[in-house]
Amino acid sequence: MRPRIEIRYCTQCRWLLRAAWMAQELLSTFPEEIGEVALVPGTGGVFEIRVGDALVWSRVREGGFPEITELKRRVRDLVAPGRDLGHTERRGA
């Protein structure tokens, strides 16, 4: 079974577009590895990304939002370890 990614975002902060864009990027990058991406509304400044039960990103813990290249690396490490992310990965190296 392919993993579920959950993006919990703050509706009060109007972070839906940011969450949707990140969901689109992950679905485009990992079309065979991801089972679904769920956008979960929350409040109180929450912005968290989970792959299954693993917390991949927390705005509070990390002190901000992820760069998309870093998010893709973290997700890749869980859903497709060892996979080359191509130009995205080489640009960050």
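As annotated in an unreviewed UniProt entry, the protein chain is Selenoprotein W-related protein from Inmirania thermothiophila.

1. Section: the sheet that holds strand β2 (residues 36–42)
What the 4 strands build is an open sheet, ordered β2-β1-β3-β4; its pairing is mixed. Strands with a single pairing partner mark the edges of an open sheet, and in this sheet they are β2 and β4 (54–58). Direction aside, neighbouring strands of the sheet carry axes that sit 20° apart on average. Sheet topology places strand β1 (residues 4–10) next to strand β3 (residues 47–51); 5 bridges connect them, and they run antiparallel. For isoleucine 5, the partnering residue across the bridge sits in β3 and is valine 51. Of the strands in this sheet, β1, β3 and β4 touch helix α3 (residues 68–79), which is tilted by about 175° from β4.

2. Some remarks on the packing of aromatic side chains
If you walk through the whole model with that rule in mind, you get 3 aromatic pairs. Aromatic pair tryptophan 15 and phenylalanine 65: ring centres 4.8 Å apart, planes at 85°, arrangement edge-to-face. Note that tryptophan 15 is positioned in the loop between β1 and α1 (16–29) and phenylalanine 65 in the loop between α2 (59–62) and α3, a separation of 50 residues in sequence. Taking 5.0 Å as the distance between ring centres and 80° as the angle between the ring planes, the aromatic pair formed by phenylalanine 47 and phenylalanine 65 counts as edge-to-face. One end of the pair, phenylalanine 47, is in strand β3; the other, phenylalanine 65, is in the loop between α2 and α3, with 18 residues separating them in the sequence. For phenylalanine 47, a relative accessible area of 1% gives the class buried.

3. Section: α3
Between the first and last C-alpha of α3 there are 16 Å, a value that for 12 residues agrees with the 16 Å anticipated at 1.5 Å per step. Where α3 is concerned, the buried positions are Ile68, Thr69, Leu71, Lys72, Arg73, Val75, Arg76 and Val79.

4. Quick look at the state of the cysteines
Each disulfide consists of one covalent bond between the sulfur atoms belonging to two cysteines. This structure, assessed with the given rule, holds 0 disulfides. Of all cysteine sulfurs, the one in cysteine 13 lies closest to cysteine 10, which takes part in no disulfide; the gap is 3.1 Å. Accessibility expressed as a relative area gives 32% for cysteine 13, which makes it partly exposed.

5. Some remarks on the pattern of salt bridges
By the definition in use, this model includes 11 salt bridges. Between glutamate 36 and arginine 4 there is a salt bridge, and its shortest N-O distance comes to 3.6 Å. Separated by 32 residues along the polypeptide, glutamate 36 in strand β2 and arginine 4 in strand β1 bring together distant segments of the chain. Given a relative accessible area of 35%, arginine 4 falls into the partly exposed group. Through salt bridges that share partners, Arg61, Glu62, Glu70, Arg73 and Arg74 make up one connected network.

What counts, and where the lines are drawn
- Residues numbered from 1 in each chain as written.
- Predicted model: local features only at pLDDT ≥ 70, side-chain atom pairs only at ≥ 80, totals over all residues.
- Heavy atoms only, no water.
- Pairing = 2+ DSSP bridges.
- Helix = DSSP H or I, 4+ residues; strand = E, 2+ residues; numbered from the N terminus.
- Axes fitted to C-alpha atoms, helices over the stretch in contact; angles between N-to-C directions.
- Contact = heavy atoms within 4.5 Å.
- Phe/Tyr/Trp six-rings, centres within 6.5 Å; stacked < 30°, edge-to-face > 60°.
- Buried < 20%, exposed > 50% of the residue type's maximum accessible area, 1.4 Å probe, protein only.
- Expected span 1.5 Å × (residues − 1).
- Disulfide = S-S within 2.5 Å.
- Salt bridge = Lys/Arg side-chain N within 4 Å of Asp/Glu carboxyl O.

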